[in-house]
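What follows is the residue order along each chain.
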Amino acid sequence: MHTPRRPFAVLGVCAALVLSACGGGEENGDGTAVPVPPDPVLTPVVGSVMFAPTPFAGSDGADHLVYEVSLTNFMRTPVTITGVKALDAGVDGTPELLGLDQADVGERLKPTGAPSVPPRPGVPEGYSDVLAPGQNGVLFLHLKFEGAAPTKLVHEISVRADGAPPEMRETTERIAEVEVNDGVVPVLGPPLIGEHYIAADACCDAVRHTRAILPLDGAPVVAQRYAVDWEQAGPDGKIFVGEARNPASYRIFGDDVLAVADGSVVASRNDLPEQVPGEFPANLPIAEADGNNLVLDIGDGFFVNYAHMQPGSVRFEPGDRVRRGEVIGKVGNTGNSVAPHLHVHVMNGPSFLMSQGVPSVTDLFTITGRVAGTAAFDASEGTGVPLEMAPGVTVSTQQDRMILDQNVVTFRAG
Ligand SMILES: [Zn+2]
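Residues numbered from 1 in each chain as written. Predicted model: local features only at pLDDT ≥ 70, side-chain atom pairs only at ≥ 80, totals over all residues. Heavy atoms only, no water.

For the chain, an unreviewed UniProt entry supplies the name Metalloendopeptidase and the organism Gordonia alkanivorans CGMCC 6845.

### Description of the UniProt feature "domain: M23ase beta-sheet core" (unreviewed entry) in the chain
For clarity, the threshold we go by: UniProt positions are given in the numbering used here, feature names are shortened, and annotations may be inferred rather than shown by experiment. Secondary structure follows DSSP: runs of H or I at least 4 residues long count as helices, runs of E at least 2 residues long count as strands, and numbering of each begins at the N terminus.
Those places that UniProt annotates as "domain: M23ase beta-sheet core" (unreviewed entry) correspond, in this numbering, to residues 254–348. Here residues 254–348 is 0% helix and 39% strand, with 28 Å between the C-alpha atoms at its ends.

### Overview of the coordination of the zinc ion
In an ideal octahedron of six donors the angles at the metal are 90 or 180 degrees, and in an ideal tetrahedron of four donors they are 109.5 degrees. Rules: Any N, O or S atom lying within 2.8 Å of the metal counts as a donor, and for Na, K and Ca the limit rises to 3.2 Å; water is left out, so some sites can look incomplete. Type-normalised accessible area, obtained with a 1.4 Å probe on protein chains alone, sets the label of each residue: buried when under 20%, exposed when over 50%, and partly exposed for intermediate values.
Around the zinc ion, the protein contributes the donor atoms His209 (NE2), Asp229 (OD) and His343 (ND1), which lie 2.0 to 2.2 Å from the metal centre. Counting the intervening residues between successive donors of the zinc ion yields the motif H-x19-D-x113-H. Remark: Asp229 occurs in strand E17 (residues 228–232) and His209 occurs in helix H3 (residues 207–210); sequence separation between them is 20 residues. Since its relative accessible area comes to 4%, His209 is described here as buried. On the basis of relative accessibility, which here comes to 14%, the residue Asp229 falls in the buried class.

### A look at the state of the cysteines
Worth spelling out the cut-off: Any two cysteine sulfur atoms lying within 2.5 Å of each other are counted as a disulfide.
Across all of its chains, the model carries one disulfide by this definition. A disulfide bridge connects Cys203 with Cys204, and the sulfur atoms are separated by 2.3 Å. Across the S-S bond linking Cys203 and Cys204, the dihedral sits near 100 degrees, which makes this disulfide right-handed. Here Cys204 falls in the buried class, since its relative accessible area comes to 7%.

### A few points about helix H4 (residues 374–383)
Threshold: What the arc covers is the set of directions going from the helix axis to the C-beta atoms.
Taken together, the buried positions of H4 are occupied by Ala376, Phe377, Ser380 and Glu381. The arc that holds the buried residues of H4, viewed along the axis, is 125 degrees, so those residues lie on one side. Opposite the buried face of H4, at more than 90 degrees from it, the exposed residues are Ala375 and Thr383. Downstream of H4 by one or two residues, Gly384 has phi in the positive range, about 90 degrees.

### Structural notes on the sheet that holds strand E22 (residues 321–322)
As a reminder, the rule being used: For two strands to be treated as a pair, DSSP must find at least two bridges joining them.
Taken in spatial order, the 10 strands make up an open sheet running E22-E19-E20-E21-E24-E17-E14-E28-E26-E27, and their pairing is antiparallel. Lying at the two open borders of the sheet, with one neighbouring strand each, are E22 and strand E27 (396–398). In this sheet, E27 lies alongside strand E26 (residues 365–370) in antiparallel orientation, the contact comprising three bridges. Its bridge partner lying in E27, Ile367 is registered against Ser396.

### Brief notes about the pairing of strand E24 (residues 342–347)
Most of E24 is tucked away: six of the six residues are buried. Judged by which residues are buried, E24 turns out to be covered on both faces: Leu342, Val344 and Val346 on one side and His343, His345 and Met347 on the other are all buried. Pairing of E17 with E24, which is carried by three bridges, proceeds in the antiparallel orientation. What sits directly across from Val228, in E24, is Val344. As defined by bridge partners, strand E21 (residues 302–309) adjoins E24 across five bridges and the pair is classed as antiparallel.

### A short note on the nonpolar core
Basically, it comes down to this: Put simply, a nonpolar core is a bunch of buried Ala, Val, Leu, Ile, Met, Phe, Trp, Tyr and Cys residues held in one set by side-chain atoms that sit within 4.5 Å of each other.
Trp230, Leu294, Tyr306 and Leu342 are the most contacted members of the largest nonpolar core, which totals 34 residues. At the level of secondary structure, the elements contributing two or more residues to this core comprise strand E14 (194–200), E17, strand E20 (292–299), E21, E24, E26 and strand E28 (407–411). Looking at this core element by element, the count peaks at four residues for E21. With 30 residues, the next largest nonpolar core counts Val69, Leu100, Val105 and Leu131 among its residues.

### Considerations on the domain arrangement of the chain
Stated precisely, the cut-off is as follows: Residue ranges assigned to each domain were obtained from an automatic or database domain assignment. Note on definitions: a residue-residue contact is assigned when non-hydrogen atoms from the two residues lie within 4.5 Å. What counts as buried area is the accessible surface, traced by a 1.4 Å probe, that two parts surrender upon association, with contributions from both included. Think of a salt bridge as a Lys or Arg side-chain nitrogen and an Asp or Glu carboxyl oxygen that are within 4 Å of each other. Under the rule applied, a polar contact is a pair of N or O atoms within 3.5 Å (in protein, one hydrogen donor and one hydrogen acceptor; residues adjacent in sequence only if both atoms are side-chain atoms).
For the chain, the domain assignment lists domain 1 (13–41), domain 2 (45–179) and domain 3 (187–411). The gap between the C-alpha centroids of domain 2 and domain 3 is 29 Å. Taken together, the contacts link 19 residues of domain 2 with 26 residues of domain 3. Summing the contributions of domain 2 and of domain 3, the shared interface buries around 1700 Å²; its carbon and sulfur component is 60%. Ranking the residues of domain 2 by area buried against domain 3 places Phe51, Phe56 and Ser59 at the top, with a combined share of 34%. Here domain 2 and domain 3 share two salt bridges between them. With a closest N to O distance of 2.8 Å, Glu68 and Arg225 form a salt bridge. Our enumeration of links across domain 2 and domain 3 arrives at 11 residue pairs in polar contact (both at pLDDT 80 or more).

### Things to note about unusual backbone geometry
In this structure, Cys204 follows Cys203 across a cis peptide bond, with omega equal to 15 degrees. In this structure, Cys204 sits in the loop between E14 and H3. Even without being glycine, Gln406 reaches a positive phi, approximately 70 degrees.

### Looking at the side chain of Ser70
In this structure, Ser70 sits in strand E5 (residues 63–73). Only 2.9 Å separates the side chain of Ser70 from the side chain of Asn136, close enough to count as a polar contact. What Ser70 contacts, discounting residues up to four positions off in sequence, is Val46, Gly47, Ser48, Met50, Asn136 and Gly137.

### Considerations on the pattern of salt bridges
Evaluation of the coordinates by the stated rule reveals 15 salt bridges. One salt bridge connects Glu156 with Lys85, and the closest N-O pair in it is separated by 4.0 Å. Of the two residues, Glu156 sits in strand E11 (residues 152–160) while Lys85 sits in strand E6 (residues 79–88), which places them 71 residues apart along the sequence. Accessibility expressed as a relative area gives 33% for Lys85, which makes it partly exposed.

### Re the packing of aromatic side chains
Which entries qualify depends on this criterion: Two rings from Phe, Tyr or Trp (for Trp, the six-membered ring) form a pair when their centres are within 6.5 Å of each other. A pair whose planes differ by under 30 degrees is stacked, one over 60 is edge-to-face, and the rest are tilted.
As enumerated under the stated definition, the model contains four aromatic pairs in all. Relative to Phe411, the ring of Trp230 has its centre 5.3 Å away and its plane inclined at 75 degrees; by these criteria the two rings are edge-to-face. Of this pair, Trp230 sits in strand E17 while Phe411 sits in strand E28, placing them 181 residues apart in sequence. As far as the burial class goes, Trp230 and Phe411 line up, both buried. Between the aromatic rings of Phe240 and Tyr250, the centroid separation amounts to 4.8 Å while the plane-to-plane angle is 35 degrees, which identifies the pairing as tilted. Taken together, the residues Phe240 in the loop between E17 and strand E18 (256–258) and Tyr250 in the loop between E17 and E18 connect sequence positions 10 residues apart. Of the aromatic side chains, those joined through ring pairs into one cluster are Tyr197, Trp230 and Phe411.

Spelled out as structure tokens, the structure:
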């Protein structure tokens, strides 16, 4: 009969070894200590970071990390995640970078499949702080920091399992360690030239792109992690004037779309019809979600996807070389689009779906205001009312930063 090996520490190995090994390490031939691994700890919830994040500078003056932790409940009973800390594991003492209480977790943990418990006040639809037995969930995290970026993260997850054996009812686990990616963040030119462009559904806590996780080819991916939906207002603060169902009523419709860097075209589409604004098209195949799009390979493993352009306006085909600032098409309303806008995202592969979204920064832009929030943006885009703006935003010209959610910017040619 096979006898399973018992954990190292339980075997009483110390007695058989030199005494120094019992104090924390055996000695190598060169006299250096070999650390004894700590005893494994039962963790009712297991987890890992889905895609190593890359730090970047945001237009709010802070540096940021955006990533997801996949959590799975291994218990036969439901578990409640009562708190999460993100710690800097590369520094002695593992200082806390982010602390979420149970209510915060309820706004950031999205159980896979159906919600584990009925909706309750304060918890957005589709989110929950509870994972059912065996259930997986994705915890969407956003860290802000100043100074040097952490090199390694680890997460302390507080778990309550009321139906578990007494010793497992309240646990704090240290899981989901990840090396922070110290790679390059591409510096890009503007995708449009003009005033009053709004970075809608942009980084870092807007849900429609940052949390657009898709199960593709057997893996969860977030190609749109850092996508922006560029919209435009007139001097009157209105996104459209006139007939809401006519794409030409929208300020941005027909604006020139520019290459944000030199590159070569790896995919493009030019034949899909304009949709009627005001509602998303029904039964659209996923391959047509981006409408008339263009994917530009800008080198160093980075690709830029432009979506929803006007039929017949896309000027380049796969294999073509494009220079930064060249017009590649015109803003339209094709594919899965509810109003004319330009969707742009940077990713680590040529497929606009089956890639991971990666951060980028814009080399020069001027912030002239900020929309009060996503609800104010949706009201303006949906009904034509002027944008409600956030108070107290000062005009600032910035370089090499990511334009964050709901900022209104001017892009100049040059
Ligand atoms: Zn979009």
